[in-house]
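Spelled out from the first residue to the last, the chains are:
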Amino acid sequence: MNESERELAAGKTETVQARKELEDGKRELEKGKTEIQNGRQELADGRQKLEEAKTELADAKEELKKGRKDLDEGKAELADARKEYTDAKADFEKETKDAQKKIDDAWRELDELEEPDFYVLTRNTNIGYACYESDSNIVAGIANVFPVFFFLVAALICMTTMNRMVEEQRTQIGVLKALGYGNGAIMGKYLFYAGSAAAAGAVAGCIIGTWLFPKVIWMGYSIMYCMG
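Residues numbered from 1 in each chain as written. Predicted model: local features only at pLDDT ≥ 70, side-chain atom pairs only at ≥ 80, totals over all residues. Heavy atoms only, no water.

Enquirer: Can you help me understand the overall build of the chain in this one?
Expert: For the chain, the helix and strand inventory stands at four helices and zero strands. Secondary structure elements in the chain, listed N-terminal to C-terminal, are α-α-α-α. In terms of overall size, the chain is more extended than a compact globule, its C-alpha atoms giving a radius of gyration of 70 Å where 228 residues would be expected to give roughly 17 Å. When the backbone C-alpha atoms are referred to their principal axes, the chain occupies close to 225 × 70 × 25 Å. Here the chain holds 228 residues, and 4% of them are scored as buried. (Helix = DSSP H or I, 4+ residues; strand = E, 2+ residues; numbered from the N terminus. Rg over C-alpha atoms; globule rule 2.2 N^0.38 Å. Buried < 20%, exposed > 50% of the residue type's maximum accessible area, 1.4 Å probe, protein only.)

Right, dumping it as structure tokens:
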């Protein structure tokens, strides 16, 4: 093989190597482009994550601000509550001291009290029972006197009425005697009149005296006493 052929073979070899290197460069270029695109995508994702992180950070700052505000309000409420507790505790201690003082004074007054005197009273010494017994005795006394008084009044009225009737009917009595009526028949007429009036009065008096008067008296005393 002459020198020109060797040079031609060497040129072919270099050409093949150059093509191979070119293909390798293209592959590396494609790989670089792919890596660049991946980098850009990662950069875009990183930016998006950064924006999301910024948003979350802003929200966190807002929540932190709100939390600090709530914390300040809670501290203020706690301070007010502590103040109210302190005031209430002071009032409670004051009221407790006053109450304890009153209790001590009451115990001291109780210790200073003398032993009481006891009286055992029977039913007859009870003021209500004694007044009721006294009123009952008064009513009993009146009940013993009134029948006699009414009887005497009734007898007086009957005597007066009969005397006046006999005086006014003397002419009729004379006529009856002239017609043949005896003294017994004429006397029986007037005695029947007087007896019927007396019997009617006695019946009415028994009814009124044994039923109406006691009922009225009982109702009157029921106003003052509790009748069990």
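Enquirer: Which parts of the structure should I look at to understand the packing of helix 3 (residues 170-178) against helix 4 (residues 183-224)?
Expert: Relative placement of two packed helices is described by the angle separating their axes and the distance separating the axes. At their nearest, the axes of helix 3 and helix 4 sit 10 Å apart, and the two run at 140° to each other. In this structure, helix 3 meets helix 4 at a crossing whose hand is right-handed. Along the contact surface, helix 3 presents Ile 173, Leu 176 and Lys 177, while helix 4 presents Asn 183, Ile 186 and Tyr 190. (Axes fitted to C-alpha atoms, helices over the stretch in contact; angles between N-to-C directions. Left-handed = near helix turned anticlockwise from the far one by under 90°. Contact = heavy atoms within 4.5 Å.)

Enquirer: What is the right way to read the packing of aromatic side chains from this model?
Expert: How two aromatic rings sit relative to each other is set out by the distance from centre to centre and by the angle between their planes. The full count for this structure, using the stated rule, is one aromatic pair. Summarising the aromatic geometry, the rings of Phe 149 and Phe 150 are spaced 5.9 Å apart at their centres and angled 55° between planes, so their arrangement reads as tilted. Here the guanidinium or amino end of Lys 189 rests over the ring plane of Tyr 190, the centre of that ring lying 5.6 Å away. (Phe/Tyr/Trp six-rings, centres within 6.5 Å; stacked < 30°, edge-to-face > 60°. Lys NZ or Arg CZ within 6 Å of the ring centre and 35° of its normal.)

Enquirer: Just to check I follow, could you spell out the environment of Asp 87 for this structure?
Expert: Along the chain, Asp 87 turns up in helix 1 (residues 3-112). Placed 98 residues apart in sequence, Asp 87 and Ala 185 show a C-alpha to C-alpha distance of 114 Å.

Enquirer: Could you clarify how one ought to interpret a negative patch on the surface in this entry?
Expert: A surface patch of negative charge is lined by Glu 51, Glu 52, Glu 56, Asp 59, Glu 62 and Glu 63. Relative to the assigned elements, Asp 59 resides in helix 1. (Patch = residues over 30% accessible without salt bridge, like charges linked within 9 Å, V, L, I, M, F, W, Y side chains within 5 Å. Areas by Shrake-Rupley, 256 points an atom, 1.4 Å probe, with all protein chains shown as cover. Salt bridge = Lys/Arg side-chain N within 4 Å of Asp/Glu carboxyl O. Lys, Arg positive; Asp, Glu negative; His and termini not counted. Charge placed at Lys NZ, Arg CZ, Asp CG, Glu CD.)

Enquirer: Got a minute to help me understand the packing of helix 2 (residues 127-168) against helix 4 in this structure?
Expert: Relative to each other, helix 2 and helix 4 sit at 160°, their axes nearing to 11 Å. What the angle tells us is that helix 2 and helix 4 run roughly antiparallel. The handedness of the crossing between helix 2 and helix 4 is right-handed. On the side of helix 2, the interface is formed by Tyr 132, Asp 135, Val 139, Met 162 and Met 165, while helix 4 contributes Tyr 190, Tyr 193, Ala 194, Ile 217, Trp 218, Tyr 221 and Met 224. Classifying every residue of the contact of helix 2 with helix 4 by side-chain character gives 11 nonpolar, no polar and one charged. (Parallel < 35°, antiparallel > 145°, perpendicular 65-115°, else oblique. Nonpolar A, V, L, I, M, F, W, Y, C, P; charged D, E, K, R; others polar.)

Enquirer: How should I be thinking about the environment of Thr 86 in this particular structure?
Expert: Within the fold, Thr 86 resides in helix 1. Judged by relative accessible area, which is 47%, Thr 86 ranks as partly exposed. Of note is the side chain of Thr 86, whose polar atom sits 2.7 Å from the backbone oxygen of Arg 82. (Polar contact = N/O pair within 3.5 Å; in protein donor to acceptor, adjacent residues only side chain to side chain.)

Enquirer: Where do I start with the side chain of Asp 135 in this structure?
Expert: Relative to the assigned elements, Asp 135 resides in helix 2. For Asp 135, a relative accessible area of 17% puts it in the buried group. In this view, Asp 135 contacts Tyr 221, Met 224 and Tyr 225; residues no more than four positions away in its chain are not counted.

Enquirer: How should I be thinking about the pattern of salt bridges in this particular structure?
Expert: When their charged atoms lie close together, side chains carrying opposite charge are able to pair. Summed over the entire model, instances satisfying the criterion amount to four salt bridges. In this structure, Asp 105 and Arg 108 form a salt bridge, with 2.2 Å as the shortest nitrogen-oxygen distance. A residue pair is termed a helical-turn pair when its members lie 3 or 4 positions apart in one helix, as Asp 105 and Arg 108 do in helix 1 at three residues. With its nearest N and O atoms 4.0 Å apart, the salt bridge here joins Glu 168 to Arg 164. In this pair, Glu 168 and Arg 164 both sit in helix 2, four residues apart, roughly one turn of the helix. Here Glu 168 falls in the exposed class, since its relative accessible area comes to 62%.

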